[in-house]
Amino acid sequence: VRSGKSHELTASYAVSALPLPILGSLAVADFEPEIKTAIAAVPYSSAGKIGLQFSRRFWEEDESIFGGITKTDQEIAQVVYPSTAYLGRKGVLIGYYQNGANAAAMGKRTPAERQEVALEQGERIHPQYRRHFENAFSVSWQNVPWSRGGWAQYSADARKTAYPLFLRPAGRVYFAGDHVSYLSGWMAGALESGQRVAEAIN
């Protein structure tokens, strides 16, 4: 709670949609040891993204790129182009979208350093970058206190042993979220699991 004060609620059921690293950090006395082991068995992927705002949509005006992705073997991995507001006055590109080791390394940099990497490597693809650059915003999900990662990274073993435990309630606690689906990291997975839990409680 933002005020810092604790509150107590009484309910018939609880639905936890917390990311597993957060859930695992809480002292939930009612969880059986197998649930705690399952939670600890599923690490979350490092993931990062940067948005770059430009004063001109040069990728559309100069290069006729309307949506899509440029894949690269550079650290930035890929540049993602917007699929809306074509030929508008300004535009925002996703200057990198990474996961794994590249994202972990990028997350250790300051926002200013991340911006410089994105601009320096991106201008090898689009020389117009520096001339039209205005602002940037980056996020490294493993550094976000309330997620501690991008998405659940199930191993084959964890899918067999841990995942089935999240599909059923632990007493009166149900589990929901993209990590309780085969669509980890996608809103569709979270919605699917939420619907399943609502139907189960109902």
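Whatever comes next refers back to the structure up there.
Overview of the structure. Because the structure is predicted, anything quoted here is derived from the model rather than measured.

Our focus in this paragraph is the side chain of Arg-114. Relative to the helices and strands, Arg-114 resides in helix H5 (residues 111–122). It is Glu-113 that comes nearest to the buried, bridge-free Arg-114 among opposite-charge side chains, at 7.2 Å.

Attention now moves to the pattern of salt bridges. Scanning the entire structure with this criterion turns up nine salt bridges. Notably, a salt bridge pairs Glu-34 with Arg-168, separated by 3.6 Å at the nearest N-O pair. Of this pair, Glu-34 sits in helix H2 (residues 33–40) while Arg-168 is found in the loop between helix H8 (163–166) and strand S7 (173–175), placing the two residues 134 residues apart along the sequence. A salt bridge links Arg-109 to Glu-75; its shortest N-O distance comes to 2.7 Å. Of this pair, Arg-109 sits in the loop between helix H4 (101–107) and H5 while Glu-75 sits in the loop between strand S3 (68–71) and strand S4 (78–81), and the two are 34 residues apart along the sequence. Exposure remark for Arg-109: the relative accessible area of 26% places this residue in the partly exposed category. One network of salt bridges, with partners in common, ties together Arg-56, Glu-61 and Asp-62.

This part covers the nonpolar core. Core analysis: the largest hydrophobic core is formed by 19 residues, its most contacted members being Leu-20, Phe-31, Val-42, Tyr-154, Phe-166 and Phe-175. Sorting the residues of this core by element identifies helix H1 (20–24), H2, H8 and S7 as the ones contributing at least two each. Contact partners of Tyr-154, with chain neighbours within four places excluded, come to Leu-20, Val-42, Arg-159, Tyr-163, Phe-166, His-179 and Ser-184. With 15 residues, the next largest nonpolar core counts Leu-52, Leu-93, Met-106 and Val-117 among its residues.

Rules behind the numbers
- Residues numbered from 1 in each chain as written.
- Predicted model: local features only at pLDDT ≥ 70, side-chain atom pairs only at ≥ 80, totals over all residues.
- Heavy atoms only, no water.
- Helix = DSSP H or I, 4+ residues; strand = E, 2+ residues; numbered from the N terminus.
- Buried < 20%, exposed > 50% of the residue type's maximum accessible area, 1.4 Å probe, protein only.
- Lys, Arg positive; Asp, Glu negative; His and termini not counted.
- Salt bridge = Lys/Arg side-chain N within 4 Å of Asp/Glu carboxyl O.
- Core = buried A, V, L, I, M, F, W, Y, C linked by side-chain atoms within 4.5 Å.
- Contact = heavy atoms within 4.5 Å.

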